[in-house]
Amino acid sequence: PQQKPPKQYLTEQEAIAASELFDLFCVATTMRQILGLHRDMCDILGLRPAPINEFYPMLKAKIRSWKAQALWKKFDARAAHRVYAKGTACNGTHVLVIGAGPCGLRTAIEAQLLGAKVVVLEKRDRITRNNVLHLWPFVITDLRNLGAKKFYGKFCAGSIDHISIRQLQIILMKVALLLGVEIHENVSFERTIEPSGDGFGWRAAVTPADHVVSYYEFDVLIGADGKRNTLEGFKRKEFRGKLAIAITANFINKKTEAEAKAEEISGVAFIFNQSFFKELYEKTGIDLENIVYYKDETHYFVMTAKKHSLIDKGVILQDFSDPAELLASANVSAEKLLDYAREAAEFSTKYQMPNLEFAVNHYGKPDVAMFDFTSMFAAETSCRVMLRHGHRLLQCLVGDSLLEPFWPTGSGCARGFLSSMDAAYATKLWSNPRNSIMGVVAQRESIYRLLNQTTPENLQRDTGSYTVDPASRYPNLNRTAVSPYQVKTLIDSDDPK
Ligand code: FAD
């Protein structure tokens, strides 16, 4: 639909209502509230999601409360970086992001700051993941600079370096919306629709099929839909290790004095603390390789359990060599799994929290789950290009779609954010008509080679200077490790030239 120009003047009542909606938006905690309040606020202001320069300055001019000013200061500082060219680096580029997980949203924010039109699709209508992510120092700096504390006062207070996936999504969704990103909930991406020569460019088939977003034409597609990744054409490589069964469990944090005293465990690996695991086994029959405990909105535990102890304790009913059969729901006692997780949690917090009560998950059930990490997947390449009837499409994978993380080491979100910035950088290169397609792809693949070797220690030290430019994050960067000739197969064109 035609966009109405933003309102020049607001009545006093409208200005008050918009400010009130803004304040409610900042403290909203559900996806429905966040998106609804944002829509209502935009309606009053006569604004619609749009590239940054057509949205954010108008919003900033109209919402002038003290809280808003503090946030605009953060956004202005970020947007002023020269890498964004004042929000014009991706002028005219249209981006579609599949998935409003942390990495989809983080990519959307960077593409928006670069000046692209950005639309995000999310198949869910609720944000519910209690599990807690470990944050590398650069992620903490990054989120602080995006104003995380304005939305979540407790963000990384003191020495805390973790956050629930839910809270992270909430913060990023708010930042994205305030910069002008368009987000549609309850819409699933199904597949890309190729241009057929009738004038339309690249579009997406979605569910529900008649959703307005199915008319959106884009030239950059970001696959951020998690490890199940729906984008076709990307080959994956498998890393098979020894059997690794991870259990996650969340308990309600009632914030009692006893709970406050329980100490976090930021990663007790067996080799470093054999006596702890030996005692745990002797006392409870629970045999673990490691355990992590974070005190966050919930008490969150992630542990890697040995198969024999799961069988001995009746969690796994029958032994199978195939991990999928072993952990199939029919072969797992849900009740015994709860007992196992609770016992491990109680022991490792020295029985200081005697009345642990499970938090509930997306389905309203106790939030305990068991996952197999025996084989992990990574995409062989991080991007692909398709050309049909003169329409170009750059497809990039980010986050878990690109590189599946092993949760107990907590590297997922940090490497995911790096991949988001790398994809945004590729989008910037793509938007510059002077860059060759093969050059853009070769550079993206050169940078992808670094990702799975990254640690907090081997990245650039000055985390405050990180931008989409890979040189700001990776030391000793070689942008030409992969040559344009090597990426020929990543370009699928109907043009023989
Ligand atoms: P995700 O966070 O998986 O987000 C993908 C998003 O895409 C989701 O919101 C999903 O609903 C949406 N989506 C999927 N398909 C479609 C589609 N077709 N159309 C539109 N939207 C779609 N990491 C840890 O370190 N510790 C943990 O304990 C932990 N627990 C996890 C529990 C679960 C259930 C999941 C799924 C992941 C967990 N992770 C954990 C991984 C961690 O969440 C990710 O590393 C991190 O969130 C970055 O992921 P992402 O944004 O790439 O993908």
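Under an unreviewed UniProt entry, the name given to the protein chain is F-actin-monooxygenase Mical isoform X5, and the source organism is Bactrocera dorsalis. Regarding the protein chain, the UniProt comment filed under Subcellular location (unreviewed entry) reads as follows: "Cytoplasm".

Attention now goes to the sheet that holds strand E10 (residues 245–252). With antiparallel pairing, the five strands of this open sheet are ordered in space as E11-E12-E13-E10-E14. At either end of the open sheet lies a strand with only one pairing partner, and these are strand E11 (265–269) and strand E14 (368–372). In this sheet, adjacent strand axes meet at a mean angle of 10° when their direction is disregarded. By the bridge criterion, five bridges tie E10 to E14 in an arrangement that is antiparallel. Within the sheet, the bridge partner assigned to isoleucine 245 lies in E14 and is aspartate 372. Contacting E10, E11, strand E12 (288–295), strand E13 (298–305) and E14, helix H13 (residues 334–348) runs over the sheet at an angle of about 105° to E13.

Quick look at the confidence of the model for the protein chain now. Residues at a pLDDT of 70 or more form 98% of the protein chain, whose mean pLDDT is 94. Scored as a whole, the predicted complex attains pTM 0.96, and scored at its interfaces, ipTM 0.98.

Our next topic: the domain arrangement of the protein chain. Think of interface size as the accessible area that goes away when the parts come together; that is how it is often given. According to the domain assignment, the protein chain contains domain 1 (12–236 + 379–493) and domain 2 (242–373). Taking the mean C-alpha position of each, domain 1 and domain 2 sit 33 Å from one another. Each side of the interface is counted separately: domain 1 has 12 residues, and domain 2 has 17 residues. No other element matches the three residues that strand E4 (residues 162–164) contributes to the side of domain 1 that touches domain 2. Looking at the side of domain 1 that touches domain 2, its residues break down into five nonpolar, six polar and one charged.

Strand order in the open sheet formed by seven strands is E5-E2-E1-E8-E17-E16-E18, and the pairing between neighbours is mixed. Looking at which strands have only one partner, the edges of the open sheet turn out to be strand E5 (182–185) and strand E18 (491–493). Strand-to-strand twist of the sheet, defined as the mean angle between neighbouring strand axes without regard to direction, takes the value 15°. Bridging between strand E8 (residues 220–223) and strand E17 (residues 391–397) involves four bridges; their strand directions are parallel. By the bridge assignment, isoleucine 222 is partnered in E17 with cysteine 396.

Another point: the pairing of E17. The buried fraction of E17 amounts to five of the seven residues, a majority that puts the element mostly inside the structure. Strand direction decides the pairing type here: strand E16 (residues 383–388) and E17, joined by six bridges, are antiparallel. Considered in E17, the bridge of arginine 388 is made with histidine 391.

What follows concerns the environment of phenylalanine 75. Following the sequence through the fold, phenylalanine 75 ends up in helix H4 (residues 66–79). Since 21 C-beta atoms lie within 10 Å of it, phenylalanine 75 is described here as buried. The spacing of phenylalanine 75 and aspartate 312 is 237 residues in sequence and 54 Å in space, taken between C-alpha atoms. Not counting residues within four places of it along the chain, the set of residues in contact with phenylalanine 75 comprises Gly147 and Leu179.

With that settled, consider the site of the ligand. Close contacts around the ligand come from 32 residues, with Gly99, Gly101, Gly226, Gly399 and Gly412 the closest. Listing elements by their share of the shell around the ligand, those giving two or more residues are helix H5 (102–113), strand E2 (117–122), strand E6 (188–193) and helix H14 (412–431). Considering only residue class, the shell around the ligand consists of 13 nonpolar, 13 polar and six charged.

Take H5 next. Its 12 residues place the ends of H5 17 Å apart at the C-alpha level, agreeing with the 16 Å of an ideal helix rising 1.5 Å per residue. A large share of H5 lies buried, amounting to 12 of its 12 residues. When H5 is considered as a whole, its buried residues turn out to be Pro102, Cys103, Gly104, Leu105, Arg106, Thr107, Ala108, Ile109, Glu110, Ala111, Gln112 and Leu113. A positive phi of about 100° marks glycine 115, the residue just after H5.

Cut-offs and rules
Starting afresh in each chain, residues are numbered from 1 along the sequence in its written order. Residue-level local features of this predicted model are given only where pLDDT is at least 70; pairs of side-chain atoms are given and counted only at 80 or more, and the full residue set underlies all totals for whole chains, interfaces and linings. UniProt positions are given in the numbering used here, feature names are shortened, and annotations may be inferred rather than shown by experiment. Strand pairing is defined by DSSP finding a minimum of two bridges between the two strands. The helix count covers DSSP runs of H or I at least four residues long, the strand count covers runs of E at least two residues long, and both are numbered beginning at the N terminus. Lines fitted to C-alpha atoms define the axes here, with helix axes fitted over just the stretch in contact, and angles between the N-to-C directions of these axes take values from 0 to 180 degrees. Contact between two residues is assigned whenever their backbone-derived C-beta positions fall within 7 Å. How sure the predictor is of each residue is captured by pLDDT, a score from 0 to 100. All domain edges in this entry derive from an automatic or database-based domain assignment. Any residue that is not Ala, Val, Leu, Ile, Met, Phe, Trp, Tyr, Cys, Pro, Asp, Glu, Lys or Arg is counted as polar, Gly included; the first ten are nonpolar and the last four charged. Once C-beta atoms are placed from the backbone, each residue is buried if 20 or more other C-beta atoms lie within 10 Å of its own, exposed if 12 or fewer, and partly exposed for counts between those two. Nearness here has a simple definition: the residue's C-beta atom, placed using the backbone, must lie within 6 Å of the molecule or strand. Each helix should span, by expectation, one fewer than its residue count multiplied by 1.5 Å.

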